[in-house]
Amino acid sequence: MKSPISGSLCKSSTRARPIFNLDANFHELNVHYFELRNKEMTPENLENFMILRQIMMRINEITKEINEIYKVFHKM
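Just so we're clear, the structure is a prediction, and the values are computed from it rather than from any experiment. (Residues numbered from 1 in each chain as written. Predicted model: local features only at pLDDT ≥ 70, side-chain atom pairs only at ≥ 80, totals over all residues. Heavy atoms only, no water.)

Trainee: Kindly report on the overall build of the protein, identifying the contributing residues and their values.
Mentor: Broken down by element type, the protein carries three helices and zero strands. When the helices and strands of the protein are placed in sequence order, the string is α-α-α. Total accessible area on the protein is roughly 6900 Å²; 61% of this is exposed by carbon and sulfur atoms. (Helix = DSSP H or I, 4+ residues; strand = E, 2+ residues; numbered from the N terminus. Areas by Shrake-Rupley, 256 points an atom, 1.4 Å probe, with all protein chains shown as cover.)

In structure tokens:
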């Protein structure tokens, strides 16, 4: 049985394009994080900020992966 979704994808002649500038958005997120950290970090919440930083590092990795996917599809 043929999927209606895959059939329409094969017929499409447009290429996927980013909807948002992920690099700019991540940079803005980084700025907000460091502003918050500088204002609010205390010895009591240091661990929370460390965890948040790890999450942000993963968001950065995902952003790079998404950008790479767009590059690959743009070359096709």
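Trainee: So what's going on with the environment of Lys-75? Residues and values would help.
Mentor: With respect to the secondary-structure elements, Lys-75 resides in helix 3 (residues 46-75). Linking Lys-75 and Arg-15, residues 60 residues apart in sequence, is a C-alpha distance of 9.6 Å.

Trainee: Go over a nonpolar patch on the surface, please, and point to the residues and values.
Mentor: A cluster of nonpolar side chains, Leu-29, Leu-36, Ile-51, Leu-52, Ile-55 and Ile-59, forms an exposed patch at the surface whose accessible area comes to about 450 Å². For the nonpolar patch, the secondary structure elements donating two or more residues are helix 2 (22-40) and helix 3. When residues in the nonpolar patch are grouped by element, the largest group, four residues, is from helix 3. As for its placement among the helices and strands, Ile-59 is situated in helix 3. (Patch = residues over 30% accessible without salt bridge, like charges linked within 9 Å, V, L, I, M, F, W, Y side chains within 5 Å. Salt bridge = Lys/Arg side-chain N within 4 Å of Asp/Glu carboxyl O.)

Trainee: Kindly report on the environment of Met-57, identifying the contributing residues and their values.
Mentor: Counting through the fold element by element, Met-57 comes out in helix 3. Separated by 27 residues in sequence, Met-57 and Asn-30 have C-alpha atoms that sit 9.8 Å apart.

Trainee: Describe the pattern of salt bridges, with residues and values.
Mentor: Enumeration over the complete set of coordinates arrives at two salt bridges. For Glu-61, the salt bridge is made with Arg-58, and the minimal N-O distance between the two is 3.1 Å. Linking Glu-61 with Arg-58, this pair stays in helix 3, spanning three residues, or about one helical turn. Residue Glu-61 is classed as partly exposed on the basis of its relative accessible area, which comes to 41%. For Arg-58, a relative accessible area of 39% gives the class partly exposed. For Arg-58, the salt bridge identified is with Glu-65, shortest N-O distance 3.7 Å. The network of salt bridges with shared partners includes Arg-58, Glu-61 and Glu-65. (Buried < 20%, exposed > 50% of the residue type's maximum accessible area, 1.4 Å probe, protein only.)

Trainee: Quick rundown of the packing of aromatic side chains? Include the residues and the values.
Mentor: This model, assessed by the stated rule, comprises two aromatic pairs. Relative to Phe-34, the ring of Tyr-33 lies with its centre 4.9 Å away and its plane at 75°, an arrangement referred to as edge-to-face. Given the relative accessible area of 5%, Tyr-33 is considered buried. Taken together, the ring pairs in this structure connect Tyr-33, Phe-34 and Phe-49 into an aromatic cluster. (Phe/Tyr/Trp six-rings, centres within 6.5 Å; stacked < 30°, edge-to-face > 60°.)

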